[in-house]
Amino acid sequence: MNNYIEYNNKMAFHPGYYIQELVEDSGLTQEDFAKRLDTTPKNLSLLIRGEQNLSIDIAVKLARLFNNSIEFWLNLQATYDAALAEIKSSEELEKERQIFKFINYKYFVKYFDLPQNSKNIDLQIKTLRNFLQLSTLLLLTKKDLISKFRDSTDNLPLNQVIMANAMLQVGINQALQIEAVNFNKTKFKKSINFVDILYADNKLNFNLLKKEYADYYDNIDDTLLNSGVILTKIPAMPGTNFRSATKKLGSNIMLLINDTYTKSANTLDTIFAEMTNIATGNYGITLNN
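The rules behind the values
Residue numbers here run from 1 along each chain, matching the order of that chain's written sequence. Confidence filtering applies because this is a predicted model: local features only for residues at pLDDT of at least 70, side-chain atom pairs given and counted only at 80 or more, and all residues used for totals across whole chains, interfaces and linings. Excluding hydrogens and water, the side-chain values take into account all heavy atoms of the structure. Numbering goes from the N terminus for both helices and strands, where a helix is a DSSP run of H or I of at least four residues and a strand is a run of E of at least two. We call a residue buried when its accessible area falls under 20% of the maximum for its residue type, exposed when it is over 50%, and partly exposed in between, using a 1.4 Å probe and counting protein chains only. Definition of a polar contact: a pair of N or O atoms within 3.5 Å, with one able to donate and the other able to accept a hydrogen when the atoms are protein atoms, and with sequence-neighbouring residues admitted only if both atoms are side-chain atoms. Two residues form a contact once any of their heavy atoms are found within 4.5 Å. Given a helix with a known number of residues, its expected span is that number minus one, times 1.5 Å. Each direction from the helix axis to a C-beta atom contributes to the arc, which is the arc of those directions. Convention adopted: a line fitted to C-alpha atoms gives each axis, helices being fitted over their contacting stretch, and angles between N-to-C directions are expressed from 0 to 180 degrees. Just so you know how the angles are binned, under 35 degrees is roughly parallel, over 145 roughly antiparallel, 65 to 115 roughly perpendicular, and the rest oblique. Whether a crossing is left-handed or right-handed is set by the direction in which the near helix is turned from the far one by less than a right angle, anticlockwise for left-handed and clockwise for right-handed. Any residue outside Ala, Val, Leu, Ile, Met, Phe, Trp, Tyr, Cys, Pro, Asp, Glu, Lys and Arg is labelled polar, Gly included; the first ten of those are nonpolar and the last four are charged. By this definition, two strands are paired if DSSP reports at least two bridges between them.

1. Details of unusual backbone geometry
In this structure, N67 is a non-glycine residue whose phi angle is positive, near 55°. The residue N67 is located in the loop between α4 (56-66) and α5 (70-100) in this model. For N67, a relative accessible area of 73% puts it in the exposed group. One non-glycine residue, Q133, adopts positive backbone phi at about 60°. Position of Q133 relative to the elements: it lies in the loop between α7 (121-132) and α8 (158-175).

2. Some thoughts on the side chain of H14
Here H14 is to be found in the loop between β2 (10-13) and α1 (15-26). Given the relative accessible area of 0%, H14 is considered buried. A distance of 2.8 Å separates the side chain of H14 from the backbone nitrogen of G16, its partner in a polar contact. If we ignore the near neighbours within four places in the chain, the residues touching H14 are N3, Y4, L47, G50, Q52, N53, Q77 and Y80.

3. Focus: α1
Look at α1: 17 Å from first C-alpha to last across 12 residues, which is about the 16 Å you get at 1.5 Å a residue. Within α1, the full set of buried residues consists of P15, G16, I19 and V23. On an axial view of α1, the arc spanned by its buried residues comes to 90°, and they lie on one face. Of the exposed residues in α1, those oriented more than 90 degrees away from the buried face are E24 and D25. Looking at the buried side of α1, the elements it contacts are β2, α2 (30-37), α3 (41-48), α4 and α5.

4. Quick word on the packing of helix α6 (residues 105-112) against α7
The N-to-C vectors of α6 and α7 enclose an angle of 55°; their axes lie 11 Å apart at closest approach. Between α6 and α7, the crossing angle belongs to the class labelled oblique. Helix-helix and strand crossings are classified by hand; for α6 and α7 the assignment is left-handed. In this structure, α6 contributes Y105, F108 and F112 to the contact, and α7 contributes Q124, T127, L128, F131 and L132. When its residues are assigned to classes, the contact of α6 with α7 shows 6 nonpolar, 2 polar and no charged.

5. A few points about the sheet that holds strand β5 (residues 252-258)
Each strand in a sheet pairs with another by means of backbone hydrogen bonds, the pair being arranged parallel or else antiparallel. Taking strand neighbours across the sheet as the criterion, the 4 strands line up as β3-β5-β4-β6 in an open arrangement whose pairing is mixed. If you trace the sheet from one side to the other, it starts and ends with β3 (229-234) and β6 (284-287), each paired once. Pairs of neighbouring strands in the sheet enclose a mean axial angle of 15°, with direction left out of account. Sheet topology places β3 next to β5; 6 bridges connect them, and they run parallel. Bridge pairing links T232 to L256 in β5.

As structure tokens, then:
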């Protein structure tokens, strides 16, 4: 490892770079210089090569040896670390650009009022990263990031993993803004019975209940909320096969559904299926076949 780096037409020097100059100017061997510094030759060698960070202890000893400040030496390390972080951030941003290609930014502009940011991809990435409350979009590629996929992910395309994780992150952030009582198993069992009746009734009389479906839907929201389950609905991202998901959130449980088909009988199918999953502790993500 070099004791200096070049980036963005700039140079950043590890403290070891300056220590090497001081050793050479002293006319001493590294071993003798290490003795004066009260450290081992090995530690000094690692420091000079930039393979070891400057410790507070060595900064104190250098300040005493050369009659300058501890802050001077620590600032050299801080400046070097900041340069490394900037390089790492730039490299990561390049990887994020590849992930961003799988995400429809216009979807977030349309449904969540994110600024269009013209055609500035990097600004869109930073805006989306902040909206999803993630340190990096690279996290969206992890199949076990937030919750497990219930079906096998061996052949699941990367774009589906990314979009499902993004939708789940949006759902979680929305659910966290909703106040609910602590999850109560007894009340939840009653809500299952309630939805079971709606589910069966809707199956038998759906054509007659179309106009009243919104009322049923609202009743489900309230019933679940009273048992500590937060029903969250968000539009599906174009191209995703995300259907629904459940996840524990502190003392509550989130039940997230793709609300593209909220005026369809399939919605009750999905909700009832996820309620059954909650009852059995089978939390995770369900995709459309």
